[in-house]
Amino acid sequence: MHSELSGLVTAIDHVGIAVADLDAAIEFQRSTFGLEVTHSEINEEQGVHEAMLRAPGDAAGATQIQLLAPLRPDSAIAKFLERNNPGLQQLAFRVTDVEAASAALRAKGLRLLYDSPRRGTADSRINFVHPKDAGGVLVELVEPAA
Ligand code: MC0
């Protein structure tokens, strides 16, 4: 098992924005910045209806914007909207091995929100670093599906 993060973080995968109305937010990003939807899904466990968007010049969608709308009032996104209104909710790093990255961060004394990875966008495996241990930023670790 890796004891340090070196080499595990490969990119900024996405930045997540909490929104109240997903369709309106997609239309805003399209008409204002030219972003295109590449994927959308409902993640029941996370309580979100989400869309991933890429810049037209980023054919591979290397770094995406994730729009997150709440499915239910007790979800993390509903709570965020209540407290902060719409805005940046998370920064997601792409990692090669979410378990190894989580272990390396735990070893540094950071709190990971889950004991073991959960299902994220498009069958990725995810975990989160508590925002209070990451400079006030909710950091997600994403290991894309193979
Ligand atoms: C809360 N805090 C944040 C924050 N959420 N700070 C920065 N960014 C955020 N997003 C702050 C609060 O203001 C508070 O600060 C402190 O953290 C602790 O707040 P809390 O009341 O104890 O905790 P909650 O209930 O607000 O929960 C925060 C927590 C929760 C991060 C634990 O949102 C969570 O479990 N998030 C992980 C899951 C998630 O976000 N799912 C939605 C995206 P003060 O100073 O007032 O103490 S799903 C997703 O992302 C998937 C689909 C994917 O990408 O694949």
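Residues numbered from 1 in each chain as written. Predicted model: local features only at pLDDT ≥ 70, side-chain atom pairs only at ≥ 80, totals over all residues. Heavy atoms only, no water.

- The protein chain goes by Methylmalonyl-CoA/ethylmalonyl-CoA epimerase in an unreviewed UniProt entry, where it is assigned to Saccharopolyspora gloriosae.
- On record in UniProt, under Sequence similarities (unreviewed entry), the comment for the protein chain is "Belongs to the methylmalonyl-CoA epimerase family." (UniProt positions renumbered as here; feature names shortened; annotations may be inferred.)

## Some details on the overall build of the protein chain
At step 1: Helix and strand counts for the protein chain stand at three helices and eight strands.
At step 2: Its helices and strands taken in sequence order, the protein chain reads β-α-β-β-β-α-β-α-β-β-β from the N to the C terminus.
At step 3: Its C-alpha radius of gyration of 15 Å places the protein chain within 12% of the 15 Å reference for a compact globule of 146 residues.
At step 4: On the principal axes, the C-alpha backbone points of the protein chain span a range of 45 × 35 × 25 Å.
At step 5: At a minimum sequence separation of 6, the contacts of the protein chain that also span at least 24 residues come to 57%.
At step 6: Carbon and sulfur atoms make up 53% of the accessible area of the protein chain, which amounts to about 7,800 Å² in all. (Helix = DSSP H or I, 4+ residues; strand = E, 2+ residues; numbered from the N terminus. Rg over C-alpha atoms; globule rule 2.2 N^0.38 Å. Contact = heavy atoms within 4.5 Å. Areas by Shrake-Rupley, 256 points an atom, 1.4 Å probe, with all protein chains shown as cover.)

## As for the UniProt feature "domain: VOC" (unreviewed entry) in the protein chain
At step 1: When the UniProt feature table is mapped onto this chain, "domain: VOC" (unreviewed entry) is found at residues 11–144.
At step 2: Segment residues 11–144 splits into 23% helix and 38% strand. End C-alpha atoms: 12 Å apart.

## Section: the sheet that holds strand E8 (residues 139–143)
At step 1: Taken in spatial order, the eight strands of this open sheet run E2-E3-E4-E1-E5-E8-E7-E6, and their pairing is mixed. This sheet does not close on itself; its edge strands, each paired only once, are strand E2 (36–43) and strand E6 (118–119).
At step 2: Strands strand E1 (9–18), strand E3 (48–54), strand E4 (64–70) and strand E5 (87–95) of the sheet are contacted by helix H2 (residues 76–84), whose axis makes an angle of about 90 degrees with E4. (Pairing = 2+ DSSP bridges. Axes fitted to C-alpha atoms, helices over the stretch in contact; angles between N-to-C directions.)

## Quick word on the site of the ligand
At step 1: Residues in close proximity to the ligand total 23 residues, the closest being Lys 79, Arg 83, Gln 90, Thr 121 and Lys 132.
At step 2: Lys 79 is positioned such that a nitrogen or oxygen atom in its side chain is 2.6 Å from an oxygen atom of the ligand.
At step 3: Contact distances for the ligand include 2.9 Å between an oxygen atom and a side-chain N or O atom of Arg 83.
At step 4: Contact with the protein chains removes 72% of the 1,100 Å² of surface that the ligand exposes when unbound. (Near = heavy atom within 4 Å. Polar contact = N/O pair within 3.5 Å; in protein donor to acceptor, adjacent residues only side chain to side chain.)

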